[in-house]
Amino acid sequence: MITPTDTFKDNLAQLPSIDGVERIDFVDGTGAVLDTIPNAPGKKGSLALYQYLQQEFGTLDAKAADHGLAIFAEMVEDARANPGAHPNIDRLVAIVNGAAPLGIEVIPVS
């Protein structure tokens, strides 16, 4: 498990490669896909973070979400000040605040 620093850029450099990952799906307790992060420009940092959380925790519960917020580092303050501007951080905040845990499914490139 990585020890987060004060900057997302530095934390991102510690995360495993996302080569070979097409997308990540977030699933609820019934298995329904609620959201997706594609492997696309502007999404790669979040994709890497959530892949890492899946590898370390297996599911997106409060403990995993809290660690994810530490990795997002300085970006969390802006996300809290501007709800909706950073949905991949908002998801973590919601779970830390009591929302239901989610499954994280890493979908490889086919």
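Note: the structure precedes this text.
Residue positions are given per chain, counted from 1 along the sequence in the order it is written. Local features in this predicted model are restricted to residues whose pLDDT is 70 or higher, and side-chain atom pairs enter the listing and the counts only when it is 80 or higher, whereas totals over whole chains, interfaces and linings include all residues. Only heavy atoms go into the side-chain values, all of them from the structure, while hydrogens and water stay out.

*Asks:* Can you walk me through the sheet that holds strand E4 (residues 102-108) in this structure?
*Replies:* Two strands in a sheet stick together by hydrogen bonds in their backbones, pointing the same way (parallel) or opposite ways (antiparallel). For two strands to be treated as a pair, DSSP must find at least two bridges joining them. Secondary structure elements are defined from DSSP: runs of H or I of at least 4 residues count as helices, runs of E of at least 2 residues count as strands, and each element is numbered from the N terminus. Here we have four strands laid out as an open sheet, ordered E2-E1-E4-E3, and antiparallel in their pairing. Unpaired on one side and paired on the other, strand E2 (33-38) and strand E3 (59-60) mark the two borders of the sheet. Of the pairings in the sheet, the one linking strand E1 (residues 21-27) to E2 comprises five bridges and is antiparallel in character. The residue bridging Phe26 from the neighbouring strand is Asp35, located in E2. Helix H2 (residues 44-57) rests against E1, E2, E3 and E4 of the sheet, and its axis sits at about 65° to E1. Between two residues, a contact is recorded if the distance between any of their heavy atoms is within 4.5 Å. For helices, the fitted axis covers only the stretch in contact; all axes are lines through C-alpha atoms, and the angles between them, taken along N-to-C directions, range from 0 to 180 degrees.

*Asks:* Explain the pattern of salt bridges here, please?
*Replies:* Proximity of charged atoms lets side chains of opposite charge pair with each other. By salt bridge we mean one thing: a side-chain nitrogen of Lys or Arg within 4 Å of a carboxyl oxygen of Asp or Glu. Counting across every chain of the model gives three salt bridges. Salt-bridge contacts for Arg23 lead to Asp25; the nearest nitrogen and oxygen are separated by 2.9 Å. For each residue, the accessible area found with a 1.4 Å probe, counting protein chains only, is set against the maximum for its type, and the residue is called buried under 20%, exposed over 50%, and partly exposed in between. Judged by relative accessible area, which is 26%, Arg23 ranks as partly exposed. A salt bridge links Asp35 to Arg91; its shortest N-O distance comes to 2.5 Å. With a gap of 56 residues between them, Asp35 in strand E2 and Arg91 in helix H5 (residues 87-96) connect regions that are remote in the sequence. Given the relative accessible area of 10%, Arg91 is considered buried. In this structure, a network of salt bridges that share partners links the residues Glu22, Arg23 and Asp25.

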